[in-house]
Amino acid sequence: MVAVTCVTLLLATLLLWAPRLPVTSGAALALLSAAALVAGWQAGRRTFLLVVLGGLPVIAVLGTSERLLADRWPDRLETPDTLVSGAICEFPRAQPGSWRFVLTTDPESRARGVPGRVLVSWYDSASRPAAPPAPGEQWLLNLRLRPPRGLSNPGTFDYERWLFSQHIGATGWVRESAANGRVTGGPSACPPAAWRAATARRVGAVLDGREAAPYVLGLAIGAYQALPEAEWHKLRRTGTIHLISISGFHIALVAAPAALVGLAIARLMLAVGWRCRPRVLAAWTALGAAAGYGALAGFSVPTARSVIAVAIVAVLVTCRRAVTVPELLACVVLGVLLVEPLAPLVPGFWLSFAGVMVLATVALGLPAGRAKPGALRLLLVTQLAMTAGLAPLLAMFFGQFPVSGLVTNLVAVPAFSFVLLPLTLAGTAAVWVAPAAGAVLLGLAADCFDAWRWFLGACASLPGAVWYLPEPSRGALLLASAGAVSALWPPPWPGRWLGLCMLAGLLAAGAPPVPAGGLRVTALDVGQGLAVLVQTAGHALLYDAGPAFRDSDAGERVVVPVLQSLGVRTLDTLLISHADVDHRGGGASVLERYPGARVLGPAGGSAAGRAGACEAGRAWRWDGVLFEILHPVAGSNHPHDNAASCVLRVSGPRARLLLPGDIEASQELELASKSDFGQVDLLLAPHHGSRTSSSAPFVGATQPSHVVVSSGYRNRWRHPASDVVARWRESGACVLNTAEAGALGFEAGAGEGFRLRRAERESAPGIWLARPQPRPRCN
């Protein structure tokens, strides 16, 4: 069973991370049927069942993926508003200036081509209701729909993968309409969601105004939508997110007391003469409690996995079957894949199963007999084992390692096990049957969470609380995974220290170094904005920092994660071309992560907060590469910020790069008229490819081999202009757009020009990723 499950999980993972589905579900089902019949004929019923059990999850992955890929809103240039009706089955998330929620559409809307699940944003407006929609309600909304699309960069959160894993086929926002409103009179489309919402209202009424209320609501019913970003930041820095994300840890803490209650009931039944099997009654009592808590928490993937595990244990106890821990885990993996075939796309799937394996390994390594380690030592050993065992997954999914978690979890795990979770669940149950007692218990839970928040903040602020890791290669991940297994192997095993050394290789991963005299340029996909990383053999410069968003900025979401994934430990210079928010919006976040960076910006503008003057004539040399500022001239007056953009030219031995910001035709003509301007190899299209830039004289003077347009997908300015793209292509340039190709990486050796090294949307794996249209190949 274990071997079959490993093969099934490997096949499911390869299918999901393939560029496209290699086979249809119908063809795979025919192959499975044939293989199962042959196996049953040749090797008997047991082999037949193993083939079927191993093959059905693969068929489920293929079928679900085909359905979701077909259930996507089409990519059209002009999208009319669409009236969509459906139910809200999850808690909306309140963000600054907007609400976000998933709308499960009704059959009538789906018949008109609307996907089954739509992620909706509702921005502030005069006609918007005062309170957000509640789970269980039906709504009719006028939506402007778009296909599921996100930014594509190395080392960042994969928004498109998340949308696909949540079965979301479109995103959209609410448009003004008299038709917008609740639909009343019918039964609730999501009865469990309505029950959760009612529980949330009762708990929220008790804790009205308490800062710890989002923690209590999250631990009780999985509703973390109101938890501020600052609290998520603390949880990430301390490695304690697993404690508030309802999973196997919480299900076990609920199921274990329920099992003891079941045993007590069984003994009472035996005492009065009734026949029963105490272990069976205890197992099914634990399953009932686990299922009830799972339903209250919304049955996320980790929750469902844990409930399935309890259900399998109940069945095995009833059937008097004994299995090993690996066999039990194998059954749970197959069960999860059948219930949610896209579970491998969620990091929690891998982290939860890996965590259980680590705990099982620790248990196997305990000494036999009565010489058991003390509670503190056992907790310390378990925490060290979890740290080593989960390190490869943390590096792959999150690009960071919370060192402070080694200390934080020593206190947090017992606090959650014996104080926070029991108080929260007891209080949540009591508000339904004894509101006064429930208010007291929930108040105590909130008081404890206040202390927890203080402790969390202190640990998160420790120096070196987090190690930021570069994006590991497949080879580094395989080596680190083998090292984790070696480090955790039960004694006697002499290779533990070697395993730790293999794990340390994660710190040295990342892109290969730039050769002396060479250049590496990465144009990031930041939407409608600009951020370009320029690296030499020993230095790094960031030209612009991307836009600001409603609730964050590109520096936090994109730029800093990309720099970390590429192994940029020191940023030497941050150059802000001009004061427009789509260029400077992420500057503060970049400087928070790289406080030692020198800042250059427009004279008198202080675009990045502490900018030195960016003026023509300023130049410096790094590692045999010359950096020159060509514009603006000191003391010159310009009618707007675009005209005052800082133009940077970077010249290597055989390669030239020009970063012109948002200059327009008059500034282009001024630069082109200079005798020393000359041709370049790689150029960022001025002003995102606007018609006001990329004039014919400028194109003729630069003659680049590659032109990169940094623009947002389906942006309202229609950048880049089609005639601008045609003009560059007629000059012989290969034109690439970050909105279509994602982040673009170029490399120039000491004796050669620029070559395209990576286009993120073409090279990144995943069937969920929108691929660009075929283009002429660029060298």
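These lines cover the structure that appears in this document, whether it is placed above or below. (Residues numbered from 1 in each chain as written. Predicted model: local features only at pLDDT ≥ 70, side-chain atom pairs only at ≥ 80, totals over all residues. Heavy atoms only, no water.)

**Concerning the overall build of the protein chain**
Right, so step 1: When helices and strands are tallied, the protein chain shows 27 helices and 24 strands.
Right, so step 2: A compact globule built from 779 residues would reach a C-alpha radius of gyration of about 28 Å, and the protein chain, at 29 Å, matches this within 12%.
Right, so step 3: Based on the C-alpha atoms only, the size of the protein chain along its principal axes is roughly 105 × 70 × 60 Å.
Right, so step 4: Buried positions account for 51% of the 779 residues belonging to the protein chain.
Right, so step 5: Positive and negative side-chain charges in the protein chain, numbering 65 and 48 respectively, have mean positions lying 12 Å apart. (Helix = DSSP H or I, 4+ residues; strand = E, 2+ residues; numbered from the N terminus. Rg over C-alpha atoms; globule rule 2.2 N^0.38 Å. Buried < 20%, exposed > 50% of the residue type's maximum accessible area, 1.4 Å probe, protein only. Lys, Arg positive; Asp, Glu negative; His and termini not counted. Charge placed at Lys NZ, Arg CZ, Asp CG, Glu CD.)

**Here we look at the side chain of Arg117**
Right, so step 1: Structurally, Arg117 can be placed in strand β4 (residues 117–123).
Right, so step 2: At a separation of 3.0 Å, a polar atom in the side chain of Arg117 contacts the side chain of Glu90.
Right, so step 3: In this structure the side chain of Arg117 is engaged in a polar contact, spanning 2.8 Å, whose partner is the backbone oxygen of Gln166.
Right, so step 4: The residues touching Arg117, leaving out its near neighbours within four places in the chain, are Glu90, Val102, Leu103, Thr104, Gln166, His167, Ile168, Gly169 and Ala170. (Polar contact = N/O pair within 3.5 Å; in protein donor to acceptor, adjacent residues only side chain to side chain. Contact = heavy atoms within 4.5 Å.)

**A few points about the pattern of salt bridges**
Right, so step 1: All told, the structure shown has 19 salt bridges when counted by the stated rule.
Right, so step 2: Here Asp75 makes a salt bridge to Arg714, at a shortest N to O gap of 2.9 Å. Of this pair, Asp75 sits in the loop between α3 (45–70) and β1 (82–88) while Arg714 sits in the loop between β21 (706–709) and α25 (722–730); the two residues are 639 residues apart in sequence, bridging distant segments of the chain.
Right, so step 3: With relative accessibility at 45%, the residue Asp75 sits in the partly exposed group. (Salt bridge = Lys/Arg side-chain N within 4 Å of Asp/Glu carboxyl O.)

**Focus: the packing of helix α18 (residues 474–488) against helix α19 (residues 496–504)**
Right, so step 1: At a minimum axis separation of 7 Å, α18 and α19 run at an interaxial angle of 150°. With respect to their mutual orientation, α18 and α19 come out roughly antiparallel. Crossing angle aside, the handedness with which α18 passes α19 is left-handed. Contact residues: Leu479, Ala480, Ala482, Gly483, Ala484, Ser486 and Ala487 in α18; Arg496, Gly499, Leu500, Met502 and Leu503 in α19.
Right, so step 2: The class makeup of the residues in the contact of α18 with α19 is 8 nonpolar, 3 polar and 1 charged. (Axes fitted to C-alpha atoms, helices over the stretch in contact; angles between N-to-C directions. Parallel < 35°, antiparallel > 145°, perpendicular 65-115°, else oblique. Left-handed = near helix turned anticlockwise from the far one by under 90°. Nonpolar A, V, L, I, M, F, W, Y, C, P; charged D, E, K, R; others polar.)

**Some remarks on the packing of helix α2 (residues 25–43) against α3**
Right, so step 1: Their axes nearest at 8 Å, the elements α2 and α3 cross at an angle of 175°. By the angle between their axes, α2 is roughly antiparallel relative to α3. Here α2 contributes Ser25, Ala28, Leu29, Leu32, Ala35, Ala36, Leu37, Ala39, Gly40 and Ala43 to the contact with α3, which in turn contributes Arg45, Thr47, Phe48, Val51, Val52, Gly55, Leu56, Ile59, Leu62, Gly63 and Glu66.
Right, so step 2: Residues belonging to the contact of α2 with α3 are distributed by class as follows: 14 nonpolar, 5 polar and 2 charged.

**A look at a nonpolar patch on the surface**
Right, so step 1: A cluster of nonpolar side chains, namely Leu56, Leu338 and Val339, defines an oily patch on the protein surface of about 260 Å² accessible area.
Right, so step 2: By the secondary structure assignment, Val339 is in helix α13 (residues 325–339).
Right, so step 3: Classification of Val339 as exposed rests on a relative accessible area of 59%. (Patch = residues over 30% accessible without salt bridge, like charges linked within 9 Å, V, L, I, M, F, W, Y side chains within 5 Å. Areas by Shrake-Rupley, 256 points an atom, 1.4 Å probe, with all protein chains shown as cover.)

**What about the sheet that holds strand β19 (residues 656–659)?**
Right, so step 1: Here we have 7 strands laid out as an open sheet, ordered β16-β17-β18-β19-β20-β21-β22, and mixed in their pairing. Two strands lie at the open edges of the sheet, namely β16 (619–622) and β22 (734–737), each paired on one side alone. Going from strand to strand, the sheet's axes swing by 15° on average, the running direction of each strand aside.
Right, so step 2: In this sheet, strand β18 (residues 647–651) lies alongside strand β17 (residues 625–631) in antiparallel orientation, the contact comprising 5 bridges. (Pairing = 2+ DSSP bridges.)

**Looking at the packing of aromatic side chains**
Right, so step 1: Summed over the entire model, instances satisfying the criterion amount to 17 aromatic pairs.
Right, so step 2: Measuring from centroid to centroid gives 5.1 Å for Phe416 and Trp452, while their planes differ by 80°, and the two rings are edge-to-face. Taken together, the residues span a long stretch of sequence, with Phe416 in helix α16 (residues 405–433) and Trp452 in helix α17 (residues 435–460) at a distance of 36 residues.
Right, so step 3: These aromatic residues form a ring-pair network of at least three members: Tyr215, Phe416, Phe449 and Trp452.
Right, so step 4: The lysine or arginine in question, Arg128, covers the ring of Trp99, its NZ or CZ lying 3.8 Å from the ring centre. (Phe/Tyr/Trp six-rings, centres within 6.5 Å; stacked < 30°, edge-to-face > 60°. Lys NZ or Arg CZ within 6 Å of the ring centre and 35° of its normal.)

**Details of helix α11 (residues 278–296)**
Right, so step 1: The end-to-end C-alpha separation of α11 is 27 Å, in line with the 27 Å expected for 19 residues at 1.5 Å each.
Right, so step 2: Those residues of α11 that sit buried are Val280, Ala282, Ala283, Ala286, Leu287, Ala290, Tyr293, Gly294 and Leu296.
Right, so step 3: Gly298, located one to two residues past α11, shows a positive phi value of around 90°. (Expected span 1.5 Å × (residues − 1).)

**Things to note about the state of the cysteines**
Right, so step 1: All told, the structure shown has 1 disulfide when counted by the stated rule.
Right, so step 2: Summary of cysteine pairing: Cys6 is not part of a disulfide, and the nearest cysteine sulfur, belonging to Cys331, is at 12 Å.
Right, so step 3: Cys448 supplies the cysteine sulfur nearest to Cys459, a cysteine that is in no disulfide, at a spacing of 17 Å. (Disulfide = S-S within 2.5 Å.)

**Comments concerning the nonpolar core**
Right, so step 1: Tyr215, Ile221, Leu235, Ile244, Phe416, Phe449 and Trp452 are the most contacted members of the largest nonpolar core, which has 46 residues in total.
Right, so step 2: With sequence-adjacent residues up to four places away left out, Tyr215 is seen in contact with Tyr224, Leu227, Glu231, Leu235, Ile244, Phe449, Trp452, Arg453 and Leu456. (Core = buried A, V, L, I, M, F, W, Y, C linked by side-chain atoms within 4.5 Å.)

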